[in-house]
Amino acid sequence: MMKSLHRFFLVMACLFPVGQAWASYSCTVTPSNIWSSGYQLDVTVTNDGPAAIAEWEVVLDFGEPANVTSSWNVEVSGGDTVTPSFSNCCSWNGNLAVGQSAGFGFQGTHDGSFELPVCTGSGTPPGGSSSSSSSSGSSSSSSGSGSGGNSFLVRARGTSGQESVTLAVGGTALETWTLAGNMQDYTATSALGGEITLEFTNDNGTDRDVQVDYIQVNGETRQAEDQAVNTGAWGNDSCGGGSNSEWLHCSGYIGFGAVSGGGSSSSSSSSGSSSSGSGGSSGGENSGRDCAVPSMPSYSQLPDIGSLPDPFRSMSGTDITSRDEWTCRRAEISAQAQHYELGEKPAPETASVSGSGNGSGITVNVSAGGNSISFNASISLPTTGQPPYPAMIGMGGSNLNNDALRNRGVAVINFPNSEIAEQLDGGSRGQGKFYQLYGSSHSAGAMSAWAWGVSRLIDALEQTPGSDIDPSRLGVTGCSRNGKGALIAGALDERIDLTIPQESGSGGAAAWRVSDAQRAAGQNVQTLSQIVTENVWFRDSFSQFSNAATRLPFDHHEVMGLVAPRALLVIENTDMEWLGNESTYTASVVAREIWHALGIPDHMGVSQVGGHSHCQFPSSQQAELDDFVDRFLIGSGSANTNVVRTDGNFSVDRGRWVNWDTPALQ
């Protein structure tokens, strides 16, 4: 009979000399999962001081052969013995400042009688002088602002040891933790400001629940049961029906009020090492970053909206009346799209970026949370003009007439999106370099991860004049699945001047509601219920809307609207019924009302032409493309970009889809 439930964790202090001082570190063992014939354990090593350490080693006594079968973030010796040893795998989790922690995990098998091992070993002296893993090296403490500006301490537990929670500020996820079965502290620091939420993300409907004692914000304690917003507490016979509770019985979140932003950001966790540095030109990436976005309702609290939602009505229920108000209304729509559909795009402050390259390519280096990645993007320079050149970023490559682009003085950059987030099929979730930085359980679906990658590419271009690219004149494009990604990249980074999604279909220019209507009318159209089973482009929880697209508080006419007031050209193929030919045209025409309200309808166009293969750009659309490129990317010419056309027999049923008026924003 297993006895592990009676012993949640055990700690053993380890000592070794560092110069003339003695450094000590402790080891904590937490069960992640234990079943009849196997186990998965998480281990945290914490430097208890008084000096920094450069490496560590712990020995775990199992009382019987450990039978370790796999491990991560650690080097294992004697995995089949009773007392295997575990040491840091690399410098990023070996270098620990005082108070800093590193985590690792491993799996093994047992014969049905299992007890948690005890830390019994001691460390080995580091070779040479010790150093910390971060120049800002903040410890996991419950008070003080740290180098990140704001410090957060979450005290919580799960009931099964498998519960996952995410701490977010201002709609941006800071940390995701798998909770232990007993009350423990989880910490983070960040310069971000805004509403604070702690979200339970992986309820399975049976044995998983989360109990939150409190959150400390810069040393101020905010008790969970004192918070009025709790979308995961059970009450009135439904999830989300309770409030003022410590408990999250189902996937949902507790709102803990707001915090002001400030300082340069650094994110740290009680189970990992901290990150230092900051992103690139983040101010231009998101002008609405300081907007106060309300907390997101739980699924059960969302009303049914049969028509396309009103892009001009704020979450508070008031209508915007000025162009200035569009900035924060846009921030609300972006937060909704990321919360319910895409998964959160990490804020630029969560990573440090550098670049190097020349006119044939650029290498982008990104570090976050003690981890680092690099990726390369090839550059094809134009045949005319003078550097630095405007550029079109191709999501997985460009399917436009690239020779025509280069002949107009525009470079073409190939962005390796599948390297950042894999998209082979539904089994690709959590795979790719983005997840090496932020963890395989990060909420971001592939498209949000791609958008993050494009933003970091732009950061690197801003730092690398040798690339011969003008980072102030950038466009993004892609076709089919990559067209979906191009739209999201353009929607979520305001440094992109021109966005051109090509035949993007469902999850791109198509509206979920209109695609469902096409399907109901007997047409072979991809809908939300099908696409969530095909691939990992969206966050995992988006599947809850499979048969309830009308519960979404937004639709893709508003996702396209996130590009406004910048330029958007939607290129579609009338022959592609599966991609929602009527849906993409309808949603695009309705989206254009946002540019109308801003007084710039000629900054958005839709061109739908059939008679060609999928992703084969036809010559009949070249003139429209040239006009948009000349005006909004190159910055020359005064071409007429009022483009709204289809060669299909489509008309927009405004009576069905648009039950709101378009204001003239002042």
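Just above sits the structure.
Just so it is clear, the structure is predicted and the values come from calculations on it, not from any experiment.

(A) Layout of the overall build of the protein chain. When helices and strands are counted, the protein chain shows 14 helices and 30 strands. Per-residue burial for the protein chain yields a buried fraction of 57% across its 666 residues. Counting only contacts in the protein chain whose residues sit at least 6 apart along the sequence, the fraction spanning at least 24 positions is 71%. For the protein chain, the exposed area adds up to about 23600 Å²; of that, 45% sits on carbon and sulfur atoms.

(B) Region of the structure containing the sheet that holds strand E12 (residues 172-178). With antiparallel pairing, the four strands of this open sheet are ordered in space as E12-E11-E14-E20. Here the strands that pair on one side only, and so sit at the sheet edges, are E12 and strand E20 (252-259). Between one strand and the next, the sheet's axes are offset by a mean angle of 15°, whatever the strand orientation. One ladder, built from six bridges, connects strand E11 (residues 164-169) with E12; its direction is antiparallel. Paired with Thr-166 across the strands is Thr-176, a residue of E12.

(C) Structural detail: the environment of Gly-361. As for its placement among the helices and strands, Gly-361 is situated in strand E22 (residues 361-368). A residue is classified by how much of its surface remains accessible, and Gly-361, at 16% relative accessible area, is buried. The spacing of Gly-361 and Leu-381 is 20 residues in sequence and 9.7 Å in space, taken between C-alpha atoms. Sequence-distant contacts of Gly-361, defined by excluding residues within four places in its chain, comprise Ser-356, Ala-377, Ser-378 and Ile-379.

(D) Spotlight on the packing of helix H7 (residues 446-463) against helix H8 (residues 481-492). The geometry of H7 relative to H8 is characterised by a closest axis approach of 8 Å and an angle of 55° between their N-to-C directions. By the angle class used here, H7 and H8 are oblique. Crossing geometry of H7 relative to H8 is assigned as right-handed. On the side of H7, the interface is formed by Met-447, Trp-450, Ala-451 and Val-454, while H8 contributes Arg-481, Asn-482, Lys-484, Gly-485, Ile-488, Ala-489 and Leu-492. For the contact of H7 with H8, a count of residues per class yields seven nonpolar, two polar and two charged.

(E) Representation of the state of the cysteines within the structure. Enumeration according to the criterion identifies two disulfides in this entry. Here Cys-291 is linked by a disulfide to Cys-328, with a sulfur-sulfur distance of 2.1 Å. Here the S-S torsion is close to -80°, and the disulfide linking Cys-291 with Cys-328 is therefore left-handed. With a gap of 37 residues between them, Cys-291 in the loop between helix H2 (282-285) and helix H3 (323-342) and Cys-328 in helix H3 connect regions that are remote in the sequence. Accessibility expressed as a relative area gives 35% for Cys-328, which makes it partly exposed. One disulfide in the model links Cys-479 with Cys-615; its S-S distance is 2.1 Å. Where Cys-479 bonds to Cys-615 through sulfur, the torsion about that S-S bond is close to -100°, and the disulfide is left-handed.

(F) Structural view of H3. Where burial is concerned, most of H3 is hidden: 15 out of the 20 residues are buried. Directly beyond the C-terminal end of H3, a positive phi value near 90° is found at Gly-343.

(G) Region of the structure containing the pattern of salt bridges. Going through the model one piece at a time under the given rule, you end up with 25 salt bridges. Arg-155 serves as the salt-bridge partner of Asp-185, at 2.8 Å between the closest nitrogen and oxygen. Of the two residues, Asp-185 sits in strand E13 (residues 184-190) while Arg-155 sits in strand E10 (residues 150-158), which places them 30 residues apart along the sequence. The partly exposed category is assigned to Arg-155, whose relative accessible area is 23%.

(H) The arrangement of unusual backbone geometry in detail. Omega for the peptide link from Pro-387 to Pro-388 comes to -5°, which places this bond in the cis form. Its place among the elements puts Pro-388 in the loop between strand E23 (371-380) and strand E24 (389-395). A cis amide bond links Ala-564 to the next residue, Pro-565, at an omega of 10°. A positive phi angle is found at Asn-218, which is not glycine, with a value near 50°. When you line up the elements, Asn-218 lands in the loop between strand E15 (210-217) and strand E16 (220-223). Classification of Asn-218 as partly exposed rests on a relative accessible area of 34%. Positive phi is not limited to glycine here, since Asp-468 has a value of about 65°. Assignment of secondary structure puts Asp-468 in the loop between H7 and strand E26 (469-479).

(I) Layout of helix H12 (residues 581-597). Here H12 contains 17 residues, and its C-alpha end-to-end distance of 25 Å stays within 8% of the 24 Å for a straight helix at 1.5 Å per residue. With 15 of 17 residues buried, H12 is to be regarded as a mostly interior element. One or two positions beyond H12, positive phi appears at Gly-599, with a value near 80°.

(J) Geometry of the environment of Leu-665. By secondary structure assignment, the location of Leu-665 is in the segment after helix H14 (654-657). A relative accessible area of 3% places Leu-665 in the buried class. Between the alpha carbons of Leu-665 and Ala-597 there is a distance of 5.4 Å; along the sequence they are 68 residues apart. Leu-665 has contacts with Ile-320, Thr-321, Ser-322, Arg-323, Ala-597 and Leu-598, leaving out every residue within four places of it along the chain.

(K) Summary view of the sheet that holds strand E4 (residues 57-61). Strand order in the open sheet formed by four strands is E6-E7-E4-E9, and the pairing between neighbours is antiparallel. The open sheet is flanked by strand E6 (74-77) and strand E9 (118-119), the only strands paired with a single partner. Two strands pair when backbone bridges link them, and E4 and strand E7 (residues 85-88) are joined in this way by three bridges, in the antiparallel orientation. Across the sheet, residue Glu-57 finds its bridge partner in E7, namely Ser-87.

Calculation criteria
Residues numbered from 1 in each chain as written. Predicted model: local features only at pLDDT ≥ 70, side-chain atom pairs only at ≥ 80, totals over all residues. Heavy atoms only, no water. Helix = DSSP H or I, 4+ residues; strand = E, 2+ residues; numbered from the N terminus. Buried < 20%, exposed > 50% of the residue type's maximum accessible area, 1.4 Å probe, protein only. Contact = heavy atoms within 4.5 Å. Areas by Shrake-Rupley, 256 points an atom, 1.4 Å probe, with all protein chains shown as cover. Pairing = 2+ DSSP bridges. Axes fitted to C-alpha atoms, helices over the stretch in contact; angles between N-to-C directions. Parallel < 35°, antiparallel > 145°, perpendicular 65-115°, else oblique. Left-handed = near helix turned anticlockwise from the far one by under 90°. Nonpolar A, V, L, I, M, F, W, Y, C, P; charged D, E, K, R; others polar. Disulfide = S-S within 2.5 Å. Salt bridge = Lys/Arg side-chain N within 4 Å of Asp/Glu carboxyl O. Expected span 1.5 Å × (residues − 1).

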